[in-house]
Amino acid sequence: MSCAFALDHYRELLEAARAGGYRFATFDAAPGPGDLLLRHDVDLSLDAALRMAELEADAGVAATYFLMTQSVFYNLASTEGVAALSGLRSLGHRVGLHAVYPDALLDERFDPVVAWHNPDPEYMTAPIDGAVNVMQPGWFDPASYRSDSNQRWRSGCPHEELRAGAFPWLQLLTHPEIWVYEGATMGETMRSMLDAERERRLAQLAEDRIDLA
Ligand SMILES: [Zn+2]
Ligand SMILES: [Zn+2]
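A brief report on the enclosed structure follows. Everything numeric here is computed off the predicted structure, so don't read it as measured data. (Residues numbered from 1 in each chain as written. Chains lettered and ligands numbered in written order. Predicted model: local features only at pLDDT ≥ 70, side-chain atom pairs only at ≥ 80, totals over all residues. Heavy atoms only, no water.)

Regarding the coordination of the zinc ion (ligand 2)
Geometry reference: four tetrahedral donors at a metal, ideal angle 109.5 degrees. Six octahedral donors, ideal angles 90 or 180 degrees.
Part 1: Only Asp-43 (OD), His-98 (NE2) and His-117 (ND1) from the protein reach the zinc ion (ligand 2) as donors, at distances of 2.0 to 2.1 Å.
Part 2: We note that the donor set of the zinc ion (ligand 2) lies within a single chain, spaced as D-x54-H-x18-H. Of the two residues, Asp-43 sits in the loop between β2 (35-41) and α2 (46-58) while His-117 sits in the loop between β5 (113-116) and α4 (121-124), which places them 74 residues apart along the sequence.
Part 3: Given the relative accessible area of 23%, His-117 is considered partly exposed. (Donors = N, O, S within 2.8 Å, 3.2 Å for Na, K, Ca; no water. Helix = DSSP H or I, 4+ residues; strand = E, 2+ residues; numbered from the N terminus. Buried < 20%, exposed > 50% of the residue type's maximum accessible area, 1.4 Å probe, protein only.)

Focus on the pattern of salt bridges
Part 1: For the structure on display, the rule yields 12 salt bridges.
Part 2: Note that Glu-161 and Arg-146 form a salt bridge whose closest N and O atoms lie 3.0 Å from each other. Here Arg-146 lies in strand β7 (residues 145-147) and Glu-161 lies in helix α5 (residues 159-164), a separation of 15 residues in the sequence.
Part 3: Its relative accessible area of 27% is what places Glu-161 among the partly exposed residues.
Part 4: A salt bridge links Arg-200 to Glu-197; the nearest nitrogen and oxygen atoms lie 2.6 Å apart. Of the two residues, Arg-200 and Glu-197 both sit in helix α7 (residues 186-207), three residues apart, roughly one turn of that helix. By the burial criterion, Arg-200 is buried, and Glu-197 matches it.
Part 5: A single salt-bridge network, built from bridges that share partners, covers Asp-47, Glu-80, Glu-197, Arg-200 and Arg-201. (Salt bridge = Lys/Arg side-chain N within 4 Å of Asp/Glu carboxyl O.)

Observations regarding the coordination of the zinc ion (ligand 1)
Part 1: Each protein donor to the zinc ion (ligand 1) is listed here as Cys-3 (SG), His-9 (NE2), Cys-157 (SG) and His-159 (ND1); together their distances run 2.1 to 2.3 Å.
Part 2: Given four donor atoms and angles of 100 to 116 degrees at the metal, the environment of the zinc ion (ligand 1) is assigned as tetrahedral.
Part 3: Sequence positions of the donors to the zinc ion (ligand 1) reduce to the motif C-x5-H-x147-C-x1-H. Note that His-9 is positioned in helix α1 (residues 7-19) and His-159 in helix α5, a separation of 150 residues in sequence. With respect to class, His-9 is no different from His-159; both count as buried. (Tetrahedral: all angles 85-135°; square planar, octahedral: opposite > 155°, others 65-115°.)

Thoughts on the pairing of β2
For a regular strand, the rule is simple: side chains alternate between the two faces of the sheet.
Part 1: Across the seven residues that make up β2, a large majority, seven, are buried.
Part 2: The side-chain alternation of β2 yields two buried faces, one formed by Asp-35, Leu-37, Arg-39 and Asp-41 and the other by Leu-36, Leu-38 and His-40.
Part 3: Bridging between strand β1 (residues 23-25) and β2 involves three bridges; their strand directions are parallel. Bridging from a neighbouring strand, Phe-24 pairs with Leu-36 of β2.
Part 4: Note: β2 against strand β8 (residues 170-174), five bridges, orientation parallel. Within the sheet, the bridge partner assigned to Leu-36 lies in β8 and is Leu-170.
Part 5: The pairing of β2 with strand β3 (residues 64-67) spans three bridges and is parallel. Note that in β3 the partner of His-40 across the bridge is Tyr-65.
Part 6: Crossover β2 to β3 through α2 is right-handed. (Pairing = 2+ DSSP bridges. Right-handed = clockwise from strand over helix to strand, strands pointing away.)

Observations regarding the side chain of Asp-35
Part 1: With respect to the helices and strands, the residue Asp-35 is situated in strand β2.
Part 2: Given the relative accessible area of 10%, Asp-35 is considered buried.
Part 3: A distance of 2.5 Å separates a polar atom in the side chain of Asp-35 from a polar atom in the side chain of Arg-23.
Part 4: Excluding anything up to four places from it in sequence, Asp-35 contacts Tyr-22, Arg-23, Ala-25, Pro-168, Trp-169 and Leu-170. (Polar contact = N/O pair within 3.5 Å; in protein donor to acceptor, adjacent residues only side chain to side chain. Contact = heavy atoms within 4.5 Å.)

Notes on the nonpolar core
Part 1: One finds Leu-36, Leu-38, Leu-67, Leu-162 and Trp-179 to be the most contacted residues of the largest nonpolar core, which totals 52 residues.
Part 2: Apart from residues lying up to four places away in sequence, Leu-36 is in contact with Ala-17, Tyr-22, Arg-23, Phe-24, Ala-25, Leu-162, Leu-170 and Leu-172.
Part 3: Formed by 13 residues, the second largest nonpolar core is a distinct cluster that contains Ala-25, Phe-27, Val-134 and Leu-173. (Core = buried A, V, L, I, M, F, W, Y, C linked by side-chain atoms within 4.5 Å.)

Quick look at the structure:
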């Protein structure tokens, strides 16, 4: 099995987790034995989030998507943003806030769960009033955490450990863009995303009645 950062392997990860006896859990309660929390921080692309969300729904699993209200890359208040939110919900997923410190303003769009974007150590694990911080004690433990940040697993791809049921529980953080767009490195993957983005932007310009002749 190749541990590519590609949707095919993401599906294999989900299958491995199922084979390992894990239960797909949400952040409502602190994880217990056998729980797998699928966490997606959506930093760059709502399109990528929806593609991953469709794959998960097809595999019969639910995840939690953390969306930003202060992203440089997408606008949650746009028609596209509103459609992405309802799309994720209708596929059976949860939606939390991917917040930029110190603003953790939750409104009716979000479940009361927050993941800080690029957090500093001073506040990373601190509890938040009225919401679960995904990195607070009880929800986060370094031994039960894996992240694909910058297209690199610091402790290796977790598929074998999942299949073997080796984690007591796991919070698995994956960024949809990394799995949806092709590339052997983060740099290549980002360039693939930008190529796709160019086509999407051209379609949006036409939609906005811009003369592209
Ligand atoms: Zn793997
Ligand atoms: Zn982030």
